[in-house]
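One letter stands for each residue in the lines below.
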Amino acid sequence: MDGLDRFLTTFFNARIFARYLPDMLAGVWTTIWLAAAVIALGLSLGLLLACLRAYGWRLANFFIICFADMGRALPPLVLILIIYFGLPGLGLRVPGPLVLILVLGTVLAAFAEEIFWAGLTSVPKGQWEAGRATGLGFTQTLVQIALPQAARLALPPLVNRVLAISKMTALGSVIGVSEILSVASTAQSFTGSAAPLTMGAIAYVIVFLPLVVLTRLLERRFAWKV
Amino acid sequence: MSRPMLEIVALEKSFGDLKVLRDINLRVATGEMVFVIGPSGSGKSTMLRCCNRLEEPTSGAILIDGKDIVGCSSSALNRMRLEVGMVFQGFHLYPHMNVVANVMLAQIKALKRPKDEARERALAMLDRVGLRHRAETMPTQLSGGQQQRVAIARALALDPKVMLFDEPTSALDPELVGSVLAVMKDLKDSGMTMLVVSHEMGFAREAADRVVFMDGGLVVEEGPPEQIFANPKAERTQAFLSRVRA
């Protein structure tokens, strides 16, 4: 067997590909809905917290800042392990997918809050004054005037963060959630071949590349004409 | 003098230990255009910004058509701000919406006007400032003078009783100043009550009913423009005017 053949059977074994395709498709679907749930939870919670922070209530802001700092400082894997393996000790069993959604969603929220907040603080003060001077309340000015401008500024860093954290659904493989990587590594241990891992990599590209392209289009559309 | 449209009574404003306004008293009659001039740091802009509480007065009262804006609750303040239009030095148009949407926003959200009516009113106000044909343009595609006229239309669309102008032409290229002043003159001729902080002395001379000279947080002198510009009584007014003319 020459080098190329060896390479192909190690990484691109068609028989193994065919055999595990159904499992992999199920894994892809799991990854997609997990990522969607994480993004929905993370972005909405992050946006809500950033808006809340704009009101400048001291106590609330203390907790928001603590939350954002902790969420950004802790590796998600640590939180996942603590909740999944620790909480049953207290008689509380949280299903793996839910652990993943809660932890990754919360971590994304911590980052999203900071990103939205940075966007809000870079909206010029004059924009707020123009809104308030025309009789708009604080909340109306926030929603109608400040947020749309903040969101535009926040979009590029937010997209990067969303992608980075959605990919961390792969951490589900350590707590038995059968997403892409989990399926791949199970298949790898059964077959002793690296081919399932290649298949997993291809699956990730198929899932996340369109998302990357979509966000590029979104970014372009979102930028108002200057 | 009948009840003034805008009355400032014993207004004081401090930033920490710094007293920016000390006992300002000023009355602007209905339909009157009052110009406020003075060196930078004299407190003119702060005084103007107290009139709609963008700056919170430290003490004193500001009556808009007889109602005090200083003591009122935040919801009452939002309603009163509808009666006080403001035009800023930096225009502050909303960059994420087109011109007509800029003029419609507060009509819909604060005045609760139906959308169709707000649009009609917005277009009428844009027509008034000569920019109806730019209604669908984004603000950043307009010149400074055009942006400022849109800002004036945005304020006018709320049917204010008083208009405040905070150095409306200071950020403009000289050749664009005239178009904004023309709109202001037209506004005055239609009977709008206006309080203007500006360095446009020529315009003040020609269009203002009264000129107020401020320095060091005080009204030093006030009177008709002919008197203030030709025969200022106070030494500080004379010194300021000679510096400006030089």
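This text follows the structure it describes.
A brief report on the enclosed structure follows. Throughout this description, residue numbers start from 1 for each chain and increase along the sequence as written. For this description, chains carry letters from A and ligands carry numbers from 1, given in the order in which they are written. Since the coordinates come from a predicted model, pLDDT governs what is reported: local features require at least 70, and pairs of side-chain atoms require 80 or more to be given and counted, while whole-chain, interface and lining totals use all residues. Think of the side-chain values as coming from all heavy atoms in the structure, minus any hydrogens and water.

## Description of the sheet that holds strand β9 (residues 210-215) of chain B
Residue and element names in this part refer to chain B.
Part 1 of the reasoning: Strand order in the open sheet made by the six strands is β6-β7-β8-β3-β9-β10, with mixed pairing throughout. Both edges of this open sheet fall to β6 (84-87) and β10 (218-223), since each of them pairs with a single strand only. Going from strand to strand, the sheet's axes swing by 20 degrees on average, the running direction of each strand aside.
Part 2 of the reasoning: A strand pair is defined by DSSP finding two or more bridges across the two strands. Only DSSP runs of H or I covering at least 4 residues are called helices, and only runs of E covering at least 2 are called strands; the numbering of each starts at the N terminus. Relative to β9, strand β3 (residues 33-37) is paired through four bridges, and the arrangement is parallel. Within the sheet, the bridge partner assigned to Phe35 lies in β9 and is Val211.
Part 3 of the reasoning: In the packing of helix α6 (residues 174-189) onto the sheet, contacts are made with β3, β7 (162-166) and β8 (193-197), and the angle to β8 comes to roughly 145 degrees. Helix axes are fitted to C-alpha atoms over the stretch in contact, other axes to C-alpha atoms as well, and angles between N-to-C directions run from 0 to 180 degrees. The contact rule is simple, with two residues in contact once any of their heavy atoms fall within 4.5 Å.

## Re the packing of helix α4 (residues 76-86) of chain A against helix α5 (residues 96-121) of chain A
Residue and element names in this part refer to chain A.
Part 1 of the reasoning: In the contact formed by α4 and α5, the axes pass within 10 Å of each other and the chain directions differ by 140 degrees. Once α4 is placed against α5, the crossing between them reads as right-handed. Where α4 approaches α5, its residues Pro76, Leu79, Ile80, Ile83 and Tyr84 are matched on the opposing element by Gly96, Val99, Leu100, Val103, Leu104 and Val107.
Part 2 of the reasoning: Each residue gets one of three labels, nonpolar for Ala, Val, Leu, Ile, Met, Phe, Trp, Tyr, Cys and Pro, charged for Asp, Glu, Lys and Arg, and polar for the others, Gly among them. Of the residues in the contact of α4 with α5, the class split is 10 nonpolar, one polar and no charged. Note on convention: the crossing is left-handed when the near helix lies turned anticlockwise from the far helix by less than a right angle, right-handed when the turn is clockwise.

## Some points on the pattern of salt bridges
Residue and element names in this part refer to chain B.
Part 1 of the reasoning: In the sections that follow, a salt bridge refers to a side-chain nitrogen of Lys or Arg positioned within 4 Å of a carboxyl oxygen of Asp or Glu. Within the structure shown, the criterion is met by 23 salt bridges over all chains.
Part 2 of the reasoning: Arg210 is the salt-bridge partner of Glu222, the closest N and O atoms lying 2.4 Å from each other. You can see Glu222 sitting in strand β10 and its partner Arg210 sitting in strand β9, a full 12 residues away along the chain.
Part 3 of the reasoning: The cut-offs for exposure are 20% and 50% of the maximum accessible area for each residue type, with area from a 1.4 Å probe on protein chains only; residues under the lower value are buried, those over the upper are exposed, and the others partly exposed. The exposure class assigned to Glu222 is partly exposed, which follows from its relative accessible area of 34%.
Part 4 of the reasoning: Exposure remark for Arg210: the relative accessible area of 15% places this residue in the buried category.
Part 5 of the reasoning: Sharing partners across several salt bridges, the network here consists of Arg3, Asp65, Lys67, Glu83 and Lys161.

## Looking at the layout of surface pockets
Part 1 of the reasoning: Definitions used throughout: a 1 Å grid over protein atoms alone; a cavity as a set of points that fits a 1.4 Å probe which cannot get out; a pocket as an open set with protein on both sides within 12 Å along at least five of seven lines; a lining residue as one with an atom within 4 Å of a point. Grid points are joined across faces, edges and corners, and a volume is the space filled by probe spheres set on the points. Here the largest pocket defines a volume of roughly 250 Å³.
Part 2 of the reasoning: Elements that contribute at least two residues to the lining of the largest pocket include exactly α2 (14-54), α7 (138-167) and α9 (195-222) of chain A.
Part 3 of the reasoning: The element contributing the most residues to the lining of the largest pocket is α7 of chain A, with five residues.
Part 4 of the reasoning: Its residues placed into classes, the lining of the largest pocket shows 11 nonpolar, one polar and no charged.
Part 5 of the reasoning: Roughly 180 Å³ of volume is contained in the second largest pocket.
Part 6 of the reasoning: Lining the second largest pocket are Lys125, Trp128, Glu129 and Arg132 of chain A together with Arg53, Leu54, Glu56, Cys72, Ser73, Ser74, Leu77 and Arg81 of chain B.
Part 7 of the reasoning: Ranked by residue count, the leading element in the lining of the second largest pocket is helix α6 (residues 125-133) of chain A, at four residues.
Part 8 of the reasoning: For the lining of the second largest pocket, a count of residues per class yields four nonpolar, two polar and six charged.

Just distances and angles here, no functional claims.
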